[in-house]
Amino acid sequence: TRATRPGARSPPTMSPDSTANPAMDVDFQKMGIYIDGRTKNELDELLAAKKHAEITARDLYGFSCMHYLDDGPMNEAASFFGLSRDASVDTDAAPKKILDFGAGFAGDARVMASEFPGCELTCVEVQPHIHAAAERFTALVGASARCKHQCLDIFNEPVVNAPFDHLFSVLVILHIPERDRLWRSLADTLKPGGTAYVEDYFAATPLTDEDKAQLAGPVACPYLPSREEYERTLRDAGFVDVRWETMNDEWAPFVSERLAKFREARSRNVRVHGEALTAELDLFYSTVQQLFARGNLGGVRIRARKRDAS
């Protein structure tokens, strides 16, 4: 029996074909953005308006990227990693190897590989149906040479191509309650001196029972540390030069606007996705909006470096 962190719910009983991650004790089935079919519906809508051969990584970005502030996180990470869109910069240098942990449908990784010539991405995703869709999307836009995909559980399987120069992970770690073990595993994938760019949730103030129920349900977030607990975990895993940037002032308006725009487009969403999936997506977007509106949930942008080899 696997021990759970304080505040985590008991592992759900799942069927063998469940989309839950058994190693991490998280049930993703209630998250509308992860339901199989959403991205296929959006791709079908795109193909009705644009020829297959003309589709680019940017065309897929809107529905294959599931975080906040559009391409802001990707651009912030690229700047932190020292990447350039100029193809003439460091043409003789070896490409920087980047791990996109919990890459999802790999919207960021494809665009990064397409627009920043000095890097190569390895996308790790634990949910097989999302991994398969991401791999198909990458092949569709011809980005497979510099954007690779692996479906694995980082707790039990090695990441091919490690060690990496950089780690990129946005709104993923919140789903995994075993934080000490996770951050040690992530640190092991990095070269000494490698850098990490992460966006995540934390408990800004003590969570209410309503917060915990909404997080554990539609958001699939069974545990959140405080800032102090989070920073201690980073230090213990070997990270230094940690920069903590609280993002609530940017994220709260974004999630409110996202919900409003989604509801304004209801007729289009029902046509593309059907009533049931539209309702699931509305539940997810509205839950996140409520959590940030109450103010106990915190959002953070973390930049850090793995300690140099001694």
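Residues numbered from 1 in each chain as written. Predicted model: local features only at pLDDT ≥ 70, side-chain atom pairs only at ≥ 80, totals over all residues. Heavy atoms only, no water.

A few words now on the overall build of the protein. Looking only at helices and strands, the protein has 10 helices and seven strands in total. A burial count over the protein gives 53% of its 310 residues as buried. Here the protein displays about 13800 Å² of accessible surface, and carbon together with sulfur accounts for 50% of that area. (Helix = DSSP H or I, 4+ residues; strand = E, 2+ residues; numbered from the N terminus. Buried < 20%, exposed > 50% of the residue type's maximum accessible area, 1.4 Å probe, protein only. Areas by Shrake-Rupley, 256 points an atom, 1.4 Å probe, with all protein chains shown as cover.)

Before going further, it helps to spend a moment on the packing of aromatic side chains. Scanning all chains against the criterion turns up 14 aromatic pairs. When the ring of Phe80 is compared with that of Phe81, the centres are 6.0 Å apart and the planes differ by 40°; the resulting orientation is tilted. Since its relative accessible area comes to 25%, Phe80 is described here as partly exposed. Accessibility expressed as a relative area gives 6% for Phe81, which makes it buried. Lying over the aromatic face of Tyr61, Arg58 brings its terminal NZ or CZ to 5.7 Å of the ring centre. Residue placement shows Lys97 over the ring face of Phe164; its charged tip is 5.7 Å from the ring centre. (Phe/Tyr/Trp six-rings, centres within 6.5 Å; stacked < 30°, edge-to-face > 60°. Lys NZ or Arg CZ within 6 Å of the ring centre and 35° of its normal.)

Spatial ordering of the open sheet is given by β3-β2-β1-β4-β5-β7-β6, a layout of seven strands whose pairing is mixed. Each end of this open sheet is capped by a strand with a single partner; those strands are β3 (147-151) and β6 (239-246). Averaged over all neighbouring strand pairs, the angle between strand axes comes to 20°, with direction disregarded. Here strand β2 (residues 119-125) runs beside β3; their pairing, made up of five bridges, is parallel. Across the sheet, Val124 pairs through a bridge with Gln150, a residue of β3. With respect to the sheet, helix α4 (residues 107-115) is in contact with β1 (96-101), β2, β3 and β4 (164-170), its orientation differing from that of β2 by roughly 170°. (Pairing = 2+ DSSP bridges. Axes fitted to C-alpha atoms, helices over the stretch in contact; angles between N-to-C directions. Contact = heavy atoms within 4.5 Å.)

A word on the state of the cysteines. What the rule picks out here adds up to zero disulfides. Left without a disulfide partner, Cys123 is nearest to the cysteine sulfur of Cys147, which lies 3.7 Å away. (Disulfide = S-S within 2.5 Å.)

Bringing the packing of helix α1 (residues 38-47) against helix α2 (residues 57-64) into the picture now. Between α1 and α2, the least distance of the axes is 10 Å, while the angle of their chain directions is 140°. When the interaxial angle is binned, α1 and α2 end up oblique. The handedness of the crossing between α1 and α2 is right-handed. On the side of α1, the interface is formed by Arg38, Thr39, Glu42, Leu43 and Leu46, while α2 contributes Asp59, Leu60 and Phe63. Of the residues belonging to the contact of α1 with α2, the class tally is four nonpolar, one polar and three charged. (Parallel < 35°, antiparallel > 145°, perpendicular 65-115°, else oblique. Left-handed = near helix turned anticlockwise from the far one by under 90°. Nonpolar A, V, L, I, M, F, W, Y, C, P; charged D, E, K, R; others polar.)

Turning our attention to the packing of helix α9 (residues 248-264) against helix α10 (residues 266-294). With their axes 9 Å apart at the nearest point, α9 and α10 run at an angle of 155° to one another. Considering their axes alone, α9 and α10 lie roughly antiparallel with respect to each other. When the axes of α9 and α10 are compared, the crossing they make is left-handed. Counted together, Asn248, Trp251, Ala252, Val255, Ser256, Arg258, Leu259, Phe262, Arg263 and Glu264 of α9 and Arg266, Asn269, Thr278, Leu281, Asp282, Phe284, Tyr285, Ser286, Val288, Gln289 and Phe292 of α10 form the full contact between these two elements. Split into classes, the residues belonging to the contact of α9 with α10 amount to 10 nonpolar, six polar and five charged.

Within the secondary structure, Thr195 is located in strand β5 (residues 190-203). Judged by relative accessible area, which is 12%, Thr195 ranks as buried. Ignoring sequence-local partners within four residues, the contact set of Thr195 consists of Phe80, Phe81, Asp165, His166, Leu167, Leu190, Ala304 and Arg305.

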